[in-house]
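What the coordinates show
In case you want the letters, here they are:
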Amino acid sequence: MIYREAGQFKTSYAADQQLFPIRQDRIGILILLAVVFLAIPGIASEYWFSAILIPFLIFSLAALGLNILTGYAGQLSLGSAAFMAVGAYAAYNFQLRIDGIPILISFGFAGLTAAGVGILFGLPSLWIKGFYLAVATLAAQFFIVWCLTKFPWFSNYSSSGVISAQKVVILGHEFASPREKYLLVLSIVAVMALAAKNMVRSSTGRAWMAVRDMDVAAAVIGIRLMPTKLLAFAVSSFYCGVAGALYAFCYLGSVEPDGFSLDMSFRILFMIIIGGVGSILGSFLGAAFILLLPIFLDITLPWAAGLLGLPFSNATVSHIQILLFGTLIMFFLIVEPHGLARLWQIGKEKLRLWPFPH
Amino acid sequence: MSKKIGDVILDLQNISLRFGGVKALTDISFDVREHEIRAIIGPNGAGKSSMLNVINGVYHPQEGVIVFRGQERKRMEPHHAATQGIARTFQNIALFKGMSVLDNIMTGRITRMKANFLEHALWLGRARREELEHRKKVEEIIDFLEIQHIRRTPVGRLPYGLQKRVELGRALAAEPSMLLLDEPMAGMNVEEKQDMCRFILDVNDQFGATIVLIEHDMGVVMDISDRVVVLDYGKKIGDGLPDEVKNNEDVITAYLGASH
Ligand SMILES: Nc1ncnc2c1ncn2[C@@H]1O[C@H](COP(=O)(O)OP(=O)(O)O)[C@@H](O)[C@H]1O
Ligand SMILES: [Mg+2]
């Protein structure tokens, strides 16, 4: 009976509407914040920051963006990576063309630019749904990447559209080391995750979910479908756009349009399927899972093969990886559409009743 | 009855609605008075649901005039009807399956909530205040419908009868002046039906809502409605007080002739 709300009676709706109504959850979040903001920066190695933690945070943000659109508002998209590309290139151009513009403003504008493009490509959602909408977003994916390659202006006439992100300087301080970049990315992602949580627990989020679950009933209640859907596209693309800017400025340093491929869009989609469709937490769990599994397999498979005396090659690792992903995605689609986040929830419910299951 | 029935607030004149070759409604006229319970009856496929869909703008009739509160209405979309105070429930429950009972009913108040997504994202004063204010109202409805115990349950997990009740709650949350109910008691057992009747009468009585009700159970219709319209094959074949309608020749033939 460690985790439960027994004895924690809510005496007002305000108390009931807190972000984390259960005290243990609040404590858990505080511990989590202390770990990620204080402990990890103290102990993690450079490799961990730049190869694992930073990409994890950035992909979590992109997955969160897609989750807002697909998980909450029910509009399937296969163009997440393209919206990240818009963010990356927009931030680069704002830095390049506007003298002395603060980097955070550039990131914000990058998000807004992606939001604008997102609204444009969200327009088909007013007439088509599901599979057909997915195809329309696929068009966005190819069109945007093509545009960034085709028009050299976007990359300031560099060869094959490659851009090198400018330095990240805030208030005269340069964020150069992986550790500093980690802290910057972490802060941005934490603030945006909180904002997302606030949106989905208020009437903005309820309107999205209503449109997702039953659009005729939503309209009859007074929800205007067009602005609601387009807002979801805008907010989602904003999140992906900022993620793209961070991807260029705090992770890779230099990027090219082809880097934001359909493959990447699918990876982000798999993150929310495995992590949990319609869950903020799920976006993070999914990103962690998809990014860490290959690393985990890289380490464990050769070892396991050696133990069993089996022949082994790098190709095998990637084959096994693909097989495993495929199986897991099918498992979650069929058995647990709400993904890891739901499994976590079930675990908590069990714990709440423990040790008396009934 | 003690309540006072007011003037005509909804006047439907010569409404015709076609889907391709199918004539769902043919030249139908009737009116609804303030505070009354107006029943629409008729065999399956008679056009009853289509009639409700015309009233709240889901379907657009090819011919006819609709006057609501003295104003002739041109082409209208469902969300306009909602802002004018018309709420409804559906024959096949149309709840938001992925959301809890509380959230479903909260959604019913959406036209009254003014904060925008940025205020929500930042959880600013008005956003927070509104959530609390409307939550209070929603809790009143939850108490009224006696569904406190399932507040947090995702509606998909509820039995059919309770889902119907939650759907009524969602409609009531809008504090509508006119409530359209499409077979609110279909598939319920006797006890559930009694509860639902009580809720409908209370809504009509306490909140003064005008109610347009589609119902198959003749006992219920005769008991609670003030006036009854009878449809058959998209045509109106009867209109009047429950007793008048019950003894109408055409109505009796339609009901005896049709198996339903
Ligand atoms: N959206 C629609 N598209 C095509 N036909 C429809 C549609 N809605 C209703 N109809 C047709 O209109 C007629 C009346 O249906 P409905 O209003 O549902 O009857 P009721 O509610 O009295 O059972 C039926 O023949 C039905 O098939
Ligand atoms: Mg019907």
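Reference entry: report on the structure contained in this document. (Residues numbered from 1 in each chain as written. Chains lettered and ligands numbered in written order. Predicted model: local features only at pLDDT ≥ 70, side-chain atom pairs only at ≥ 80, totals over all residues. Heavy atoms only, no water.)

Regarding the sheet that holds strand S5 (residues 71-72) of chain B
All names here are of chain B. Let me state the cut-off plainly: DSSP bridges decide pairing: two strands pair if at least two such bridges lie between them. Where helices and strands are cited, they refer to DSSP runs of H or I of at least four residues and of E of at least two residues respectively, numbered from the N terminus. Any two residues whose heavy atoms approach within 4.5 Å are treated as being in contact. In this analysis, axes come from line fits to C-alpha atoms, helices being fitted only over the stretch in contact, and the angle between any two N-to-C directions falls in the range 0 to 180 degrees.
Read across the open sheet, the four strands follow the order S2-S1-S4-S5; overall the sheet is antiparallel. Of all strands in the sheet, those with a lone pairing partner are strand S2 (22-33) and S5, marking the two edges. Bridge analysis of strand S1 (residues 8-19) against strand S4 (residues 63-68) gives five bridges, and the strand direction is antiparallel. Following the sheet pairing, Gln13 is matched in S4 by Val65. The strands touched by helix H1 (residues 48-55) within the sheet are S1, S2 and S4, with S1 carrying the most contacts at an inclination of about 120°.

Some thoughts on the pairing of strand S7 (residues 178-182) of chain B
Residue and element names in this part refer to chain B. Convention followed: Partly exposed residues are those whose accessible area sits between 20% and 50% of the maximum for their type, while under 20% is buried and over 50% is exposed, using a 1.4 Å probe and protein chains only. By convention a crossover is right-handed if, when the strands point away from the viewer, the path from the first strand over the helix to the second runs clockwise.
Across the five residues that make up S7, a large majority, five, are buried. Side chains Met178, Leu180 and Asp182 project from S7 onto one buried face, and the interleaved Leu179 and Leu181 project onto a second face that is buried too. Note that strand S6 (residues 86-88) and S7 share three bridges and pair parallel. Considered in S7, the bridge of Ile86 is made with Met178. Relative to strand S8 (residues 210-214), S7 is paired through five bridges, and the arrangement is parallel. By the bridge assignment for S8, Leu179 is matched with Ile211. In this view, the connection linking S7 to its parallel neighbour S8 by way of helix H7 (residues 190-206) has right-handed handedness.

Concerning the site of ligand 1
Residues and elements named next belong to chain B. In plain terms, the rule: Any residue with at least one heavy atom within 4 Å of a molecule or strand is counted as near it. By the criterion applied in these results, polar contacts are pairs of N or O atoms within 3.5 Å in which, for protein atoms, one can donate a hydrogen and the other can accept it, and in which residues neighboring in sequence qualify only through two side-chain atoms. Every accessible area reported is derived by Shrake-Rupley at a probe size of 1.4 Å, with residue values counting cover from the shown protein chains alone.
Around ligand 1, a shell composed of Phe19, Val22, Ala24, Pro43, Asn44, Gly45, Ala46, Gly47, Lys48, Ser49, Ser50 and Tyr59 is seen. Within the side chain of Tyr59, an N or O atom sits 3.0 Å from a nitrogen atom of ligand 1. Computed on the free molecule, ligand 1 has an accessible area of 560 Å², of which 63% lies beneath the protein chains in the complex. Put simply, the parts of the chain that give the shell around ligand 1 at least two residues each are S2 and H1. Looking at the shell around ligand 1 element by element, the count peaks at three residues for H1.

Quick word on empty space enclosed by the protein
Which parts of space are left empty comes out when a probe the size of a water molecule is rolled across the atoms. Selection rule: Every definition here rests on a 1 Å grid over the protein atoms only: cavities are sets of points where a 1.4 Å probe fits but cannot get out, pockets are open sets enclosed by protein on both sides within 12 Å along at least five of seven lines, and lining residues have some atom within 4 Å of a point. Grid points are joined across faces, edges and corners, and a volume is the space filled by probe spheres set on the points.
Going through the model one piece at a time under the given rule, you end up with two cavities of 30 Å³ or more. Taken as a whole, the largest cavity spans an internal volume of roughly 80 Å³. In terms of lining residues, the largest cavity is bounded by A:Val220, A:Ile221, B:Ala82, B:Ile86, B:Ala87, B:Arg88, B:Gly108, B:Arg170, B:Ala171 and B:Ala174. Within the residue set of the lining of the largest cavity, elements represented by two or more residues are helix H9 (215-221) of chain A together with S6 and helix H6 (160-173) of chain B. Of all the elements, S6(B) adds the most residues to the lining of the largest cavity, at three residues. Along its surface, the second largest cavity is lined by B:Thr89, B:Phe90, B:Lys164, B:Glu167, B:Leu168, B:Leu181, B:Pro184 and B:Met196.

Here we look at the sheet that holds strand S9 (residues 227-232) of chain B
Residue and element names in this part refer to chain B. Spatially, S6-S7-S8-S3-S9-S10 is the arrangement adopted by the six strands of the open sheet, whose pairing is mixed. What marks the edges here is a single partner per strand, and that holds for S6 and strand S10 (235-240). Direction aside, neighbouring strands of the sheet carry axes that sit 15° apart on average. In this fold H1 packs onto strand S3 (37-41), S6, S7, S8 and S9, with an angle of close to 155° to the strand it touches most, S7. Against the sheet, H6 contacts S6 and S7, and its axis sits at roughly 160° relative to S7.

Looking at the coordination of the magnesium ion (ligand 2)
Residue and element names in this part refer to chain B. How we decide: Because no water is among the atoms considered, metal sites can look incomplete, with donors defined as N, O and S atoms within 2.8 Å of the metal, or 3.2 Å for Na, K and Ca.
Coordination of the magnesium ion (ligand 2) by the protein comes from Ser49 (OG) and Gln91 (OE1), over a distance range of 2.1 Å. Of the two residues, Ser49 sits in helix H1 while Gln91 sits in the loop between S6 and helix H3 (101-107), which places them 42 residues apart along the sequence. The class of Gln91 is partly exposed, set by a relative accessible area of 31%.

Quick word on the interface of chain A and chain B
Rules: Accessible area that two parts lose when put together, evaluated with a 1.4 Å probe and summed over both, is termed the buried area. By convention in these notes, a salt bridge is any Lys or Arg side-chain nitrogen within 4 Å of a carboxyl oxygen on Asp or Glu.
Contacts between the two partners involve 30 residues from chain A and, on the opposite side, 36 residues from chain B. For the chain A and chain B pair, buried surface summed over both sides reaches about 2,800 Å², with 66% attributable to carbon and sulfur atoms. Summed over the shared surface of chain A and chain B, the number is two salt bridges. The closest approach of N and O atoms between A:Arg206 and B:Asp103, which form a salt bridge, is 3.6 Å. In this structure, the connection of chain A to chain B is made through nine residue pairs in polar contact (both at pLDDT 80 or more). Where the side of chain A that touches chain B is concerned, the elements lending two or more residues are helix H1 (13-16), helix H7 (178-200), helix H8 (203-213), H9 and helix H10 (225-252) of chain A. Take the side of chain A that touches chain B: its biggest share by element is eight residues, from H8(A).

Considerations on the side chain of A:Ser77
All names here are of chain A. Along the chain, Ser77 turns up in the loop between helix H3 (46-72) and helix H4 (80-97). A relative accessible area of 3% means that Ser77 is categorised as buried. Polar contacts involving the side chain of Ser77 include one to the main-chain amide nitrogen of Gly79, which spans 3.1 Å. Excluding anything up to four places from it in sequence, Ser77 contacts Leu66, Leu69, Thr70 and Thr137.

A closer look at the pairing of S3(B)
All names here are of chain B. For S3, the buried fraction is high: five of the five residues fall into the buried class. Here S3 shows two buried faces, one formed by Ile37, Ala39 and Ile41 and the other by Arg38 and Ile40. Here four bridges tie S3 to S8, and the two strands are oriented parallel to one another. When the sheet's bridge partners are listed, Ile40 is paired in S8 with Ile214.

Some remarks on a nonpolar patch on the surface
Residue and element names in this part refer to chain A. Inclusion rule: Patch definition: residues with relative accessible area over 30% and no salt bridge; like charges joined within 9 Å; nonpolar side chains (Val, Leu, Ile, Met, Phe, Trp, Tyr) joined within 5 Å.
Residues Met330, Phe331, Leu333, Ile334 and Val335 make up a contiguous nonpolar surface patch of roughly 530 Å² in combined accessible area. Mapped onto the elements of the fold, Val335 is located in the loop between helix H13 (314-334) and helix H14 (339-353). Residue class for Val335 comes out exposed when judged on its relative accessible area of 52%.

A word on unusual backbone geometry
For A:Leu171, which is not glycine, the phi dihedral falls at a positive 50°. For A:Leu171, the location among the structural elements is in the loop between strand S2 (169-170) and strand S3 (173-174). Unusually for a residue other than glycine, B:His35 sits at a positive phi of about 70°. For B:His35, a relative accessible area of 26% puts it in the partly exposed group.

What to know about the layout of surface pockets
Heads up, the condition is: For this classification, the nonpolar set comprises Ala, Val, Leu, Ile, Met, Phe, Trp, Tyr, Cys and Pro, the charged set comprises Asp, Glu, Lys and Arg, and every other residue, Gly included, is treated as polar.
Its boundaries defined by the atoms lining it, the second largest pocket holds a volume of some 600 Å³. Along its surface, the second largest pocket is lined by 23 residues, and A:Met192, A:Ala195, A:Phe238, A:Tyr239 and B:Leu118 are the ones closest to its centre. Looking at the lining of the second largest pocket, the elements that each hand over two or more residues are helix H5 (103-122), H7 and H10 of chain A together with helix H4 (117-122) of chain B. Of the residues contributing to the lining of the second largest pocket, the split by class is 21 nonpolar, two polar and no charged.

Note that all results are geometric; they support no functional claim without further evidence.
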